[in-house]
Amino acid sequence: VGERTYGKGSVQNLDDFGPTGGLFKLTTARYFPPKGENIDKLSTGGKPEGIAVAGGKVFVGDLSAPRLSVFDASTYEKLGELAIDGNAIRVIASPDGKTVATSHVDKGSITLIDAASHSVLRSFPVSGDPAATQVTLIWSSDGKRLYAAETMRNQIAEIDAETGKVLRRIDVGKNGDGLAVTRIP
């Protein structure tokens, strides 16, 4: 909180998605940390895809293997690799920066990681089906819910972050991928 964060293809201006509605935005961008270096170039040994910054660390997903690389955000020194449930197409930090979530396109699951210790907290299925093409993740502003785009189902799954239970599925337009939830004035 109060720390500027950077992430590939994610918008973190979030508010609860309630019955009054929300706004979904498709986001495409290339992000650079304060030093101006391209964080897409960190050596992960795989095919880097999703990136999140939390707790002074850079978390980089790997689209080619079920792992998450962790780097020091100041020096870019590699701190380690975590085995996760699937290939991470998206990575996003919670609003308080304490938890990092990864979305696994190949498994239809999510893994939650403790940002301070960079250890896996738990993994749970969402779609459980690669054909759903689960891609983008966002957090609610209070960090209690996650929203996952199930692109080929044309749905967004609303998930209780504590239990991993899918609370509901929201029908959206065809092949929806990028997400942001924001308050409508």
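Let us look at the structure shown here.

Basis of the calculations
- Residues numbered from 1 in each chain as written.
- Predicted model: local features only at pLDDT ≥ 70, side-chain atom pairs only at ≥ 80, totals over all residues.
- Heavy atoms only, no water.
- Helix = DSSP H or I, 4+ residues; strand = E, 2+ residues; numbered from the N terminus.
- Polar contact = N/O pair within 3.5 Å; in protein donor to acceptor, adjacent residues only side chain to side chain.
- Contact = heavy atoms within 4.5 Å.
- Salt bridge = Lys/Arg side-chain N within 4 Å of Asp/Glu carboxyl O.
- Buried < 20%, exposed > 50% of the residue type's maximum accessible area, 1.4 Å probe, protein only.
- Pairing = 2+ DSSP bridges.
- Axes fitted to C-alpha atoms, helices over the stretch in contact; angles between N-to-C directions.

So, the side chain of T111
Right, on to step 1. Within the secondary structure, T111 sits in strand β7 (residues 109-114).
Right, on to step 2. At a separation of 3.4 Å, a polar atom in the side chain of T111 contacts the side chain of H104.
Right, on to step 3. Beyond its immediate sequence surroundings of up to four residues, T111 is in contact with I84, D85, V100, A101, T102, H104, V120, R122 and S123.

Here we look at the pattern of salt bridges
Right, on to step 1. For the structure on display, the rule yields 7 salt bridges.
Right, on to step 2. Residues R67 and D62 are paired through a salt bridge, measuring 2.6 Å at the closest nitrogen-oxygen approach.
Right, on to step 3. Notably, a salt bridge pairs E81 with K78, separated by 2.9 Å at the nearest N-O pair.
Right, on to step 4. Residue K78 is classed as partly exposed on the basis of its relative accessible area of 34%.
Right, on to step 5. Taken together, the shared-partner salt bridges in this structure form one network comprising R145, E158 and R168.

Digging into the sheet that holds strand β11 (residues 155-160)
Across a sheet, strands are paired by hydrogen bonds formed along the backbone, either parallel or antiparallel in direction.
Right, on to step 1. Taken in spatial order, the 4 strands make up an open sheet running β9-β10-β11-β12, and their pairing is antiparallel. Of all strands in the sheet, those with a lone pairing partner are β9 (134-139) and β12 (166-171), marking the two edges. Ignoring strand direction, the axes of neighbouring strands in this sheet form an average angle of 25°.
Right, on to step 2. The pairing of β11 with β12 spans 5 bridges and is antiparallel. The residue of β12 that forms the bridge with I159 is V166.

A short note on the sheet that holds strand β4 (residues 78-83)
Right, on to step 1. The sheet built from 4 strands is open, its strands ordered β1-β2-β3-β4 with antiparallel pairing. Strands at the two margins of the open sheet, each flanked by one partner only, are β1 (48-54) and β4. Strand-to-strand twist across the sheet, computed as the mean angle between neighbouring axes with direction ignored, equals 20°.
Right, on to step 2. The pairing of strand β3 (residues 67-72) with β4 spans 5 bridges and is antiparallel. When the bridges of β4 are listed, S69 appears paired with E81.

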